[in-house]
Amino acid sequence: GIQVEQSPPDLILQEGANSTLRCNFSDSVNNLQWFHQNPWGQLINLFYIPSGTKQNGRLSATTVATERYSLLYISSSQTTDSGVYFCAGKAAGNKLTFGGGTRVLVKP
Amino acid sequence: EAGVAQSPRYKIIEKRQSVAFWCNPISGHATLYWYQQILGQGPKLLIQFQNNGVVDDSQLPKDRFSAERLKGVDSTLKIQPAKLEDSAVYLCASSLAPGTPGANVLTFGAGSRLTVL
């Protein structure tokens, strides 16, 4: 299966700040998703983005499939954005593999 | 629409005991997944079902873990006997059948947290 690496591992933000989270994957993927795990452990799907750019409110994501990375942008961060952000990728014929996550703490 | 239901939410057992977790996916979702999430790590796929058939169980420790989805709807994951390293959150997820619009998007349940003492 593919390897998925996320950076940075930890991020502390002041409320209102912007940030970029990165996900690198070791092989070409046909499925790339971003998830947010809230402090209570619930995983919520943010984006299905095997290529291109998508936006949902203050969040947006870009995947450059040819260069094997994806970026998640958080703008005007709020305390409710705290939690762990995971990306997960899947190459053809393989299983969806999660990265180790980026732990985000937004301070008021 | 109702989400993915899991029970129990928490379970504490002694090592060598057995435990079972239950999952009811979103209605109409043909694909069901069980993931293991150890503290501080990303989820790891244990087993994937397509209706009542197993698609991938390559990372399931078959000497102690078993899972079934007999009628292609709800599923049970069992651990027997449990080891200390099985302490984790067991997440169930579901998705639409392959080829269906939106089939690539997984919806997760709240998880079942297992502590093995």
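Chemist: With reference to specific residues and values, describe the environment of B:Ala30.
Modeler: Residues and elements named next belong to chain B. When you line up the elements, Ala 30 lands in the loop between β3 (19-24) and β4 (31-37). Overall, the relative accessible area of 10% leaves Ala 30 in the buried class. Between the C-alpha atoms of Ala 30 and Gln 50, which are 20 residues apart in sequence, the distance is 5.7 Å.

Chemist: Go over the interface of chain A and chain B with me, naming the residues and quoting the values.
Modeler: Listed by partner, the interface residues are 17 residues for chain A and 18 residues for chain B. Taken together, the two surfaces of chain A and chain B that pack against each other cover about 1300 Å², and 52% of this comes from carbon and sulfur. Area buried by chain A at its contact with chain B is led by A:Leu43, A:Lys95 and A:Phe98, which between them contribute 37% of it. Between the two partners, chain A and chain B, sit one salt bridge. With a closest N to O distance of 3.5 Å, A:Lys95 and B:Asp56 form a salt bridge. On the surface where chain A and chain B come into contact, there are nine residue pairs in polar contact (both at pLDDT 80 or more). Counting only elements with at least two residues in the side of chain A that touches chain B, the list comes to β4 (31-37) and β5 (43-48) of chain A. Among the elements that make up the side of chain A that touches chain B, the one with the highest residue count is β4(A) (four residues).

Chemist: Pulling in residues and values, what's your account of the pattern of salt bridges?
Modeler: Counted by the stated rule, this structure contains five salt bridges over all chains. Where A:Asp81 meets A:Arg58, a salt bridge forms, and the shortest distance between an N and an O atom there is 2.8 Å. With A:Asp81 in the loop between β8 (69-74) and β9 (83-90) and A:Arg58 in the loop between β6 (52-56) and β7 (59-64), this pair connects stretches of sequence that are 23 residues apart. Since its relative accessible area comes to 7%, A:Asp81 is described here as buried. Between B:Asp86 and B:Arg64 there is a salt bridge; the shortest N-O distance is 2.4 Å. Residue B:Asp86 is located in the loop between β8 (75-79) and β9 (88-95), and its partner B:Arg64 is located in the loop between β6 (53-56) and β7 (65-68); the two are separated by 22 residues in the primary sequence. Side by side, B:Asp86 and B:Arg64 carry an identical accessibility label, which is buried.

Chemist: So what's going on with the state of the cysteines? Residues and values would help.
Modeler: All names here are of chain A. On inspection of all chains with the given rule, the structure shows two disulfides over all chains. What pairs with Cys 23 in a disulfide is Cys 87, and their sulfur atoms sit 1.9 Å apart. Classification of the bridge connecting Cys 23 and Cys 87 rests on its S-S torsion, roughly 75°, and on that basis the disulfide is right-handed. Linking Cys 23 in strand β3 (residues 19-25) with Cys 87 in strand β9, this pair joins segments that are 64 residues apart in sequence. The exposure class of Cys 87 is buried, given its relative accessible area of 0%.

Chemist: An account of the layout of surface pockets is needed here, citing residue identities and associated values.
Modeler: When its volume is computed, the largest pocket comes out at roughly 450 Å³. Listed by contribution, the elements that provide at least two residues to the lining of the largest pocket are β9 of chain A together with β9 and β11 (112-116) of chain B. Top element by residues in the lining of the largest pocket is β11(B). It accounts for four residues. Taken together, the residues that form the lining of the largest pocket break down as eleven nonpolar, eleven polar and three charged. Approximately 250 Å³ is the volume found for the second largest pocket. Looking at the second largest pocket, it is lined by 18 residues, and the ones nearest its centre are A:Lys90, B:Tyr33, B:Gln48, B:Ala103 and B:Asn104. Breaking the lining of the second largest pocket down by element, the ones donating at least two residues are β4 and β5 (44-50) of chain B. Classifying every residue of the lining of the second largest pocket by side-chain character gives nine nonpolar, seven polar and two charged.

Here is what the cut-offs are and how they apply
Residues numbered from 1 in each chain as written. Chains lettered and ligands numbered in written order. Predicted model: local features only at pLDDT ≥ 70, side-chain atom pairs only at ≥ 80, totals over all residues. Heavy atoms only, no water. Helix = DSSP H or I, 4+ residues; strand = E, 2+ residues; numbered from the N terminus. Buried < 20%, exposed > 50% of the residue type's maximum accessible area, 1.4 Å probe, protein only. Contact = heavy atoms within 4.5 Å. Buried area = accessible area lost by both parts, 1.4 Å probe. Salt bridge = Lys/Arg side-chain N within 4 Å of Asp/Glu carboxyl O. Polar contact = N/O pair within 3.5 Å; in protein donor to acceptor, adjacent residues only side chain to side chain. Disulfide = S-S within 2.5 Å. 1 Å grid on protein atoms, 1.4 Å probe; cavity = no way out; pocket = protein on both sides within 12 Å on 5 of 7 lines; lining within 4 Å. Points joined across faces, edges and corners; volume = space filled by probe spheres on them. Nonpolar A, V, L, I, M, F, W, Y, C, P; charged D, E, K, R; others polar.

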